Structures are given as C-alpha cells and as structure tokens.
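Okay, here's what each chain looks like letter by letter:
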Amino acid sequence: QSQLVESGGGLVQPGGSLTLSCTSSGFTLGGYAIGWFRQAPGKEREAISCIASSGADGTTFYADSVKGRFTISRDSDKNTVSLQMNSLSSDDTAVYYCALPLLPCSMWNYGPPTFDSWGQGTQVTVSS
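Below you will find a few notes about this structure. (Residues numbered from 1 in each chain as written. Predicted model: local features only at pLDDT ≥ 70, side-chain atom pairs only at ≥ 80, totals over all residues. Heavy atoms only, no water.)

**A word on the state of the cysteines**
Cysteine pairs can be linked by a disulfide, which is a covalent bond between their two sulfur atoms. Counting across every chain of the model gives 2 disulfides. Residue Cys-22 pairs covalently with Cys-98 via a disulfide, S to S 2.1 Å. With the S-S bond torsion at 70°, the cross-link from Cys-22 to Cys-98 turns out right-handed. One end of the pair, Cys-22, is in strand 3 (residues 18-24); the other, Cys-98, is in strand 9 (residues 94-101), and 76 residues separate them in sequence. The same class applies to Cys-22 and to Cys-98, which are both buried. Along the chain, the cysteines that take part in disulfide bonds pair up as 1-3, 2-4, counted in sequence order. (Disulfide = S-S within 2.5 Å. Helix = DSSP H or I, 4+ residues; strand = E, 2+ residues; numbered from the N terminus. Buried < 20%, exposed > 50% of the residue type's maximum accessible area, 1.4 Å probe, protein only.)

Structure, rendered in structure tokens:
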C-alpha cells in the first residue's frame, strides 16, 4: 500500500560515483529499517546494504562486494535513505532497489535477507 521510489541511477564511468536515493510519500522512512539490493542479468539478487530505523542503534550492513565503497545514510528532513556509491566498476552495473526488510539489519550478517516491498528500481550502468 505504500510506495518506495528509487532515483539517482544513470551512466557513470569506471571509478566514478553515484548517489542513489530512496523515498516514500506513503510513510516515514525513519520508522523502518531500509535495505538496498541489486539485480544484474545473469546474476543472483544481491543484498548490498541496510540501515536501521531512525533513533535505533544506527546499525548498518554492507555486503563484502561493496564494503568500503558504498555508504548508506538517512536524511529525516527529506524522508530519504541514500546510498553513496564510490569507485564504481562494471561489476556494479545492475538495477538497484530499496526495500523494507523483513528482519532487522543486525540479522543480515547471518543469512540472505528477504523483503516486504520495494520500488521500481533505478538502473546503474558503469561503462566507459
């Protein structure tokens, strides 16, 4: 019933950066943990990041494939969760989705997460 919307994708050169944004007009994102996953052709869906609900312990999760390059954050005034992506390579080419995880971020280290809902996705293409 609520709508998650991803934006910020596009074409970027290898080594470049993009910042993706997740927002919703149907509810306040701060009350929920928010995750990001990506889907590339020929590859399995990959959960890449998570941030705990606002006011919680601030727990974040990063997949090994993006750790040290991606940063997830919140902006409560804008009702957004952002994913800053640096040092991008062709391996990062995928459709990126933000989503409501069924389990808190602290559980993501223990197994693949599943999601209640997600948006339409935003395409990230890393190519020269």
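**Comments concerning unusual backbone geometry**
Despite not being glycine, Asn-79 shows a phi value in the positive range, around 50°. By the secondary structure assignment, Asn-79 is in the loop between strand 7 (70-75) and strand 8 (80-85). Unlike most non-glycine residues, Ser-87 shows phi in positive territory, near 50°. Tracing the sequence through the fold places Ser-87 in the loop between strand 8 and strand 9.

**Thoughts on the side chain of Arg-38**
Structurally, the position occupied by Arg-38 is in strand 4 (residues 34-39). With a relative accessible area of 7%, Arg-38 lands in the buried category. Polar contacts involving the side chain of Arg-38 include one to the side chain of Glu-46, which spans 2.9 Å. Non-local contacts of Arg-38, meaning those with residues more than four positions away in its chain, are made with Glu-44, Arg-45, Glu-46, Ile-48, Ser-65, Val-66, Phe-70, Asp-91, Asp-92, Ala-94, Val-95 and Tyr-96. (Polar contact = N/O pair within 3.5 Å; in protein donor to acceptor, adjacent residues only side chain to side chain. Contact = heavy atoms within 4.5 Å.)

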